[in-house]
Amino acid sequence: MGLKALAYEVPEHANNLGWSLGALTAISFFTLLVTGIYIAQWYNPMPELANQSVRTIMSSVPLGSFVRGLHYWAAQAMYVLALLHMVRVFSHGSFKRPREGNWIVGASMLLLTFLAVFTGTVLKWDQEGFEALTHNIEVAELVGGLGVWFTGNLAPEVPILLRLYTAHAVIIPGLILALFVIHALLVKRHKISPHPEIPAPAREGVAPFTEHLKRAGAFGLVLLGVLAVLAVLIPPILGPTPVEGIEVTRPMWMFWWFFPFEGWFGVASVGVIMAVVFGLLFLVPFLDRGPKRRWRDRKVAVTVLALIAVGMLVISVYVWTGGGGH
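The text that follows walks through the structure, step by step, so that each part is easy to find. (Residues numbered from 1 in each chain as written. Predicted model: local features only at pLDDT ≥ 70, side-chain atom pairs only at ≥ 80, totals over all residues. Heavy atoms only, no water.)

Here we take up the pattern of salt bridges. Enumeration over the complete set of coordinates arrives at eight salt bridges. A salt bridge links Lys96 to Asp288, with the nearest nitrogen and oxygen atoms 3.2 Å apart. Highlighted residues: Lys96 in the loop between helix H3 (64–91) and helix H4 (100–123) and Asp288 in the loop between helix H9 (267–287) and helix H10 (299–320), separated in sequence by 192 residues. Because the salt bridges share partners, they merge into one network encompassing Glu197, Arg294, Arg296 and Asp297. (Salt bridge = Lys/Arg side-chain N within 4 Å of Asp/Glu carboxyl O. Helix = DSSP H or I, 4+ residues; strand = E, 2+ residues; numbered from the N terminus.)

Looking now at the environment of Ala77. Here Ala77 shows up in helix H3. Judged by its relative accessible area of 11%, Ala77 is buried. In this structure, Ala77 is in contact with Ser28, Leu223 and Leu227, ignoring residues within four places of it in sequence. (Buried < 20%, exposed > 50% of the residue type's maximum accessible area, 1.4 Å probe, protein only. Contact = heavy atoms within 4.5 Å.)

On to the packing of H4 against H9, then. Where H4 contacts H9, the axes come no closer than 8 Å and their chain directions differ by 160°. Relative to H9, the element H4 is oriented roughly antiparallel. In this structure, H4 meets H9 at a crossing whose hand is right-handed. Listed contacts from H9 to Glu100, Trp103, Ile104, Ala107, Ser108, Leu110, Leu111 and Phe114 of H4 are Met274, Phe278, Leu281, Phe282, Val284, Pro285 and Phe286. Tallied by class, residues from the contact of H4 with H9 come to 13 nonpolar, one polar and one charged. (Axes fitted to C-alpha atoms, helices over the stretch in contact; angles between N-to-C directions. Parallel < 35°, antiparallel > 145°, perpendicular 65-115°, else oblique. Left-handed = near helix turned anticlockwise from the far one by under 90°. Nonpolar A, V, L, I, M, F, W, Y, C, P; charged D, E, K, R; others polar.)

Ranked by internal contacts, the top residues of the largest apolar core, which has 43 residues, are Tyr43, Trp103 and Phe255. Where this core is concerned, the elements lending two or more residues are helix H2 (47–59), H3, H4, helix H5 (127–142), helix H6 (160–190), H9 and H10. Tyr43 has contacts with Ala50, Ser53, Val54, Ile57, Leu123, Leu161 and Tyr165, leaving out every residue within four places of it along the chain. (Core = buried A, V, L, I, M, F, W, Y, C linked by side-chain atoms within 4.5 Å.)

Moving on, we get to a nonpolar patch on the surface. Among the surface-exposed residues, Val272, Val276, Leu280, Leu283, Phe286, Leu287, Val300, Val304 and Ile308 lie close enough to one another that they form a single nonpolar patch of about 790 Å² accessible area. For the nonpolar patch, the secondary structure elements donating two or more residues are H9 and H10. At six residues, H9 tops the list of elements feeding residues into the nonpolar patch. Within the secondary structure layout, Val276 lies in helix H9. (Patch = residues over 30% accessible without salt bridge, like charges linked within 9 Å, V, L, I, M, F, W, Y side chains within 5 Å. Areas by Shrake-Rupley, 256 points an atom, 1.4 Å probe, with all protein chains shown as cover.)

For the rest of this paragraph, the subject is unusual backbone geometry. The peptide bond linking Arg97 to Pro98 adopts the cis configuration, its omega dihedral lying at 10°. Even without being a glycine, Leu63 presents a positive backbone phi close to 60°. Counting through the fold element by element, Leu63 comes out in the loop between H2 and H3. A positive phi angle is found at Lys191, which is not glycine, with a value near 70°. Relative to the helices and strands, Lys191 resides in the loop between H6 and strand S2 (206–208). The class for Lys191 is exposed, based on a relative accessible area of 52%.

Right, here's the structure in full:
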């Protein structure tokens with residue numbers, strides 16, 4: 001099976017929790033695959049039946065409510081862990097030459113994770129999901145042909161909910177899985193990046209990657225335990241079948257950082273803000289090209305990241321406290 005290829009050497013510093021965040025993100029993803037396959041056996045993506053099919057999963061399917069809760073919390077865990085992983089990579093300069101390509105691969109997976117959360121929100125087809133789709137269609141229509149996939153104009157005879165279900169269950173997971181393989185192969189090729197706080201001449205212990213997988217697996221078991229507890233104690237809420245023409249809900253917390261901009265500057269501003277933030281994310285390796293890798297030595301890059309993060313946090317808190325409504 002060629003499994004010996006996994007026994008390549010990795011430095012000791014890669015075995016702590018901070019450097020295992022990528023592995024935990026992958027564990028969250030595979031948890032989503034397993035739970036998603038189970039849920040898909042009873043989910044109906046037709047608009048007139050979608051909401052009721054989710055209720056059936058929660059009330060009549062064996063372990064349906066638990067599995068849906070696990071899926072819900074694993075999605076949020078994947079998003080948070082992917083963000084933390086990229087912050088760790090950024091702060092240690094692990095994206096720098098020759099690893100620029102792997103940063104772009106990782107940023108692409110983060111964007112796909114963002115889209116997966118969005119499509120998953122819509123699929124439950126309650127008021128919150130319907131309003132999220134409405135805002136998305138408004139933004140998509142502004143960019144004309146570039147956004148046609150997100151509107152009903154691409155295939156008027158096919159419900160847009162069915163198309164989003166295809167994206168959520170097939171296209172997005174497939175792309176993430178393909179990029180994950182590329183990501184892992186690039187890590188093997190370029191090796192784990194050195195720790196910027198450990199001087200180059202210093203000797204550091206090494207261990208096979210299989211040992212790293214064992215430690216990451218232990219962290220993963222703790223993660224799965226936490227997700228299972230959350231699935232039982234705080235199950236996801238499902239609202240009633242949506243009513244068109246009203247807006248009474250807030251989106252999930254992942255979308256709060258751009259939610260109020262539509263009310264402040266119009267619907268076009270939402271697309272602009274998202275394009276700027278994700279555009280900067282993809283450009284990181286080309287904007288921060290210097291040889292220094294310690295975050296203390298990269299004051300401009302770290303300051304820009306901190307300002308963006310604080311701005312997103314402030315807006316999110318504003319929405320959480322009741323602001324940002326339309």
